[in-house]
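Summary of the model geometry
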Amino acid sequence: MKKIKTTYLLIAMLLGTLASCISNDDDTVTLYDDAAITYFSLGTMNRYVNGVKSTYAGRAYLFHIDQATHTIYNTDSLPVGTDVKHVICAMSTYNNSRPFVISEDATYMTYYSGSDSIDFTKPRTFRVVSSSGNGYTDYTVKINVHKEDPNAFVWEKMADIPVMTGLRTIAYKGRIYVFGNEGGATKAYYTEDGSTWTSTALPTIADANAWQNAVANEDSLYIMDGTTVYRSHDAATWNKDESLLPEGITLQRLLGASTTEVYAQATNGSLITKYCDDQLPAWIEAEDETESRFDDLPSQDFTMVTFPMNLSDSTDYVLMAGNKKTGDNWNSHLWRRIVDYSETGIESLLVEYLNTLIEGKNDYPEWIRKWTYLDRANDHRYDLPALENIQVVWYDDVLLAFGGKGLNDKTIDPLRKIYKSRDNGITWKEDTSYSMPPAKGDSTFNSAATSFSATTIDGYIWIVCAGTGEVWRGRLNRVAWED
């Protein structure tokens, strides 16, 4: 009966075609042997989330038609919860070819008029028959639907790391490195996927808290023991960094790095920058653009993040944050630096500056003055809160900040709120679309809130806790999909 049904359909279609060919002396009709789908779209779609129904326009999701493989699909998946069992679609065909939908068991086909509901829980085959009836083309149509809510923030507990009393987390060349104080000595470990942790070789280090001075730029890891800086390209072989220091300057702490630079604070309180060109290795003291002369630098809880500037090639935006107490109150203090590391940018200027040093001149040229203090508004309405051990990361094209307990506001619990800045650190607001790892009773994650470190890589935020060794990896689903 099914074969007969198919035959009847084809005969009916051909009779319709022949009828259209009856013409008078003034009209002619041309029939074609080729057949193709040239346009495909969806109608109104139903969506069910937590038992609540909503609708949206399916035509907003464009479908790609691959005429070489005869496949049709949407590159932007439909929202999670979309009902694809009852779908009405629309299509256009080439040269008046006629569309049919083949049954799921491939035993018969029916003419598709554009008003029938089709089950797309599995890919379906459409056959377009030419107007002459002498040719046809089959297309496989697949509707992609997200399995996860794109705006859901999900945390996953990873393998524990050996317990440390303090630590710093760094993303470098596809790995997560953790430097910390383990048993009174500075140790380091790395992981590629969070399933296991491997010990990392370090130079002979006397300072158990040298982990506080571990940073990474594009091609090197750095760690400072006392006033000696070591550098490694592979976290296995370390060499003393012999970069030139200005006369009378001694390093106090390494703060962070951008693509081609490393930043430190000198014992005289100034900021100092290491240019990492192997042919021109030098530290250069910065001058402050404000009248405060670095009086507004943080005194503790230093954190630094680097991210590419929008619409600017080979340019980094560097943000340094931390806390400082003035009178009875703690305040966050933020500084920024914009770095052009193109071939025509900093390198040529650095050569010019070093030549002036050779000539005995030591005036700092204007281009060195790149650190700018982000002064707070008078009402402090949108300040970054002063949080113990504040962490700032670049994620989802915005800055996110979180930390331990509030230094002023005691109602702020450790690792409970995330603050977001859309304007590169100038203003901050609490954002509930991001969440911290879920509390599970007496979670060791929460009890370790006074000492932890965070970084981002491959669409994930990583948090490593001192005191417990717990490691968490979280993501906003759509960010991970994009990466």
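Residues numbered from 1 in each chain as written. Predicted model: local features only at pLDDT ≥ 70, side-chain atom pairs only at ≥ 80, totals over all residues. Heavy atoms only, no water.

1. Looking at the sheet that holds strand E14 (residues 185-191)
Short version of the rule: When DSSP finds two or more bridges between two strands, those strands count as paired. Elements are defined by DSSP. Helices are runs of H or I of four residues or more, strands are runs of E of two residues or more, and each kind is numbered from the N terminus.
In spatial order, the strands read E12-E13-E14-E15; together these four strands make up an open sheet with antiparallel pairing. Of all strands in the sheet, those bounded by a partner on one side alone are strand E12 (167-172) and strand E15 (198-199). Bridge analysis of strand E13 (residues 175-182) against E14 gives seven bridges, and the strand direction is antiparallel. Across the sheet, Glu 182 pairs through a bridge with Ala 185, a residue of E14.

2. Here's the deal with the side chain of Asn 477
Quick reminder of the rule: Each residue's exposure class comes from its accessible area (1.4 Å probe, protein chains only) as a fraction of the maximum for that residue type: buried when under 20%, exposed when over 50%, partly exposed otherwise. Two residues form a contact once any of their heavy atoms are found within 4.5 Å.
Of note, Asn 477 is situated in helix H4 (residues 477-482). Residue Asn 477 is classed as buried on the basis of its relative accessible area of 2%. Once residues lying within four places of it in the same chain are set aside, the contact partners of Asn 477 are Glu 148, Asp 149, Pro 150, Ala 152 and Val 154.

3. Comments concerning the pairing of strand E2 (residues 44-49)
Relative to strand E3 (residues 52-57), E2 runs antiparallel, the two sharing six bridges. Within the sheet, the bridge partner assigned to Asn 46 lies in E3 and is Thr 55. As consecutive antiparallel partners, E2 and E3 are separated by two residues, and within that stretch Asn 50 has a phi angle of approximately 55 degrees, a positive value.

4. Points about the pattern of salt bridges
Note the threshold: Salt bridges are defined by distance alone: a side-chain nitrogen of Lys or Arg within 4 Å of a carboxyl oxygen of Asp or Glu.
In total, this model carries twelve salt bridges according to the counting rule given. Between Asp 160 and Lys 157 there is a salt bridge; the shortest N-O distance is 2.7 Å. Given the relative accessible area of 42%, Asp 160 is considered partly exposed. Its relative accessible area of 41% is what places Lys 157 among the partly exposed residues. Between Glu 430 and Lys 417 there is a salt bridge; the shortest N-O distance is 4.0 Å. Separated by 13 residues along the polypeptide, Glu 430 in strand E31 (residues 429-430) and Lys 417 in the loop between strand E29 (398-402) and strand E30 (419-421) bring together distant segments of the chain. Residue classification places Lys 417 among the partly exposed positions, given a relative accessible area of 32%.

5. Some words on the sheet that holds strand E34 (residues 471-476)
Rule in force here: Only the stretch in contact is used when a helix axis is fitted, and all axes are lines through C-alpha atoms; the angle between N-to-C directions ranges over 0 to 180 degrees.
What the four strands build is an open sheet, ordered E11-E34-E33-E32; its pairing is antiparallel. For this open sheet the edge positions go to strand E11 (153-157) and strand E32 (452-457), each flanked by a neighbour on one side alone. Each adjacent strand pair in this sheet contributes to an overall mean axis angle of 20 degrees, direction not counted. Pairing between E32 and strand E33 (residues 460-465): six bridges, direction antiparallel.

6. Regarding the nonpolar core
Defined as follows: Working definition of a nonpolar core: buried Ala, Val, Leu, Ile, Met, Phe, Trp, Tyr and Cys residues. They are joined through side-chain atoms within 4.5 Å.
One finds Phe 40, Leu 42, Leu 78, Cys 89, Phe 120, Phe 126 and Ile 143 to be the most contacted residues of the largest nonpolar core, which totals 26 residues. Looking at this core, the elements with two or more residues in it are strand E1 (37-42), strand E4 (63-66), strand E6 (89-93), strand E9 (124-129) and strand E10 (136-142). Ranked by residues supplied to this core, first place goes to E1 with three residues. Apart from residues no more than four positions distant in its own chain, Phe 120 is found in contact with Phe 40, Val 84, Lys 85, Val 87, Cys 89, Phe 126, Val 141 and Ile 143. Core analysis: the second largest hydrophobic core is formed by 19 residues, Leu 400, Ile 418, Ile 463 and Trp 472 among them.

7. Thoughts on the pairing of E13
Taken across its eight residues, E13 has six buried, putting it largely inside the fold. With six bridges connecting them, E12 and E13 associate as antiparallel partners. Along E13, the bridge assignment pairs Leu 167 with Gly 180. Here E12 folds back onto E13, and the loop between the two strands holds two residues, one of which, Lys 173, carries a positive phi near 50 degrees. Once E13 ends, the chain turns through two residues before running back antiparallel as E14, passing Gly 183 with a positive phi of about 65 degrees.

8. So, the side chain of Asn 181
Quick note on the threshold: N or O atoms within 3.5 Å of each other form a polar contact, as long as, within protein, one can give a hydrogen and the other can take it, and as long as residues adjacent in sequence are counted only when both atoms are side-chain atoms.
Secondary-structure assignment places Asn 181 in strand E13. Here Gly 184 takes part through its backbone nitrogen, which lies 3.0 Å from a polar atom of the side chain of Asn 181. For Asn 181, the residues in contact, after removing those within four places along its chain, are Met 164, Thr 165, Gly 166, Ala 208, Asn 209 and Trp 211.

9. What about the packing of aromatic side chains?
Note the following rule: Aromatic rings from Phe, Tyr and Trp, with only the six-membered ring used for Trp, were paired whenever their centres fell within 6.5 Å, and each pair was classed as stacked if the ring planes differed by under 30 degrees, edge-to-face if by over 60, and tilted otherwise.
Under the counting rule described, the total for this entry stands at 17 aromatic pairs. Relative to Phe 126, the ring of Tyr 112 has its centre 6.0 Å away and its plane inclined at 90 degrees; by these criteria the two rings are edge-to-face. Within this pair, whereas Tyr 112 is found in the loop between strand E8 (109-111) and E9, its partner Phe 126 is found in strand E9, the two being separated by 14 residues in sequence. Here Phe 402 and Phe 452 contribute two aromatic rings whose centre-to-centre distance is 6.4 Å and whose plane-to-plane angle is 15 degrees, an arrangement assigned as stacked. With a gap of 50 residues between them, Phe 402 in strand E29 and Phe 452 in strand E32 connect regions that are remote in the sequence. This pair shows no difference in class: Phe 402 is buried, exactly as Phe 452 is.

10. Points about the confidence of the model for the protein chain
To keep things clear, this is the line we draw: Every residue is assigned a pLDDT by the predictor, reflecting its confidence on a scale from 0 to 100.
Here the protein chain shows a mean pLDDT of 87. Residues at 70 or above account for 85%. At the low end of the mean pLDDT range in the protein chain sits helix H1 (residues 2-21), at 43; at the high end sits strand E5 (residues 71-74), at 98.

11. Details of the environment of Ile 426
With respect to the helices, strands and loops of the structure, Ile 426 is situated in the loop between E30 and E31. Sequence separation between Ile 426 and Arg 336 is 90 residues; the distance between their C-alpha atoms is 9.9 Å. Excluding residues within four positions of it along the chain, Ile 426 makes contact with Tyr 382 and Ser 421.

12. A short note on the environment of Phe 302
Among the structural elements, Phe 302 can be located in strand E24 (residues 300-308). Classification of Phe 302 by relative accessible area gives buried; the value is 15%. Remark: the alpha-carbon pair of Phe 302 and Asn 323, spanning 21 residues in sequence, is separated by 7.3 Å. Discounting chain neighbours no more than four positions away, the residues touching Phe 302 are Arg 253, Leu 255, Gln 265, Met 320, Ala 321 and Gly 322.

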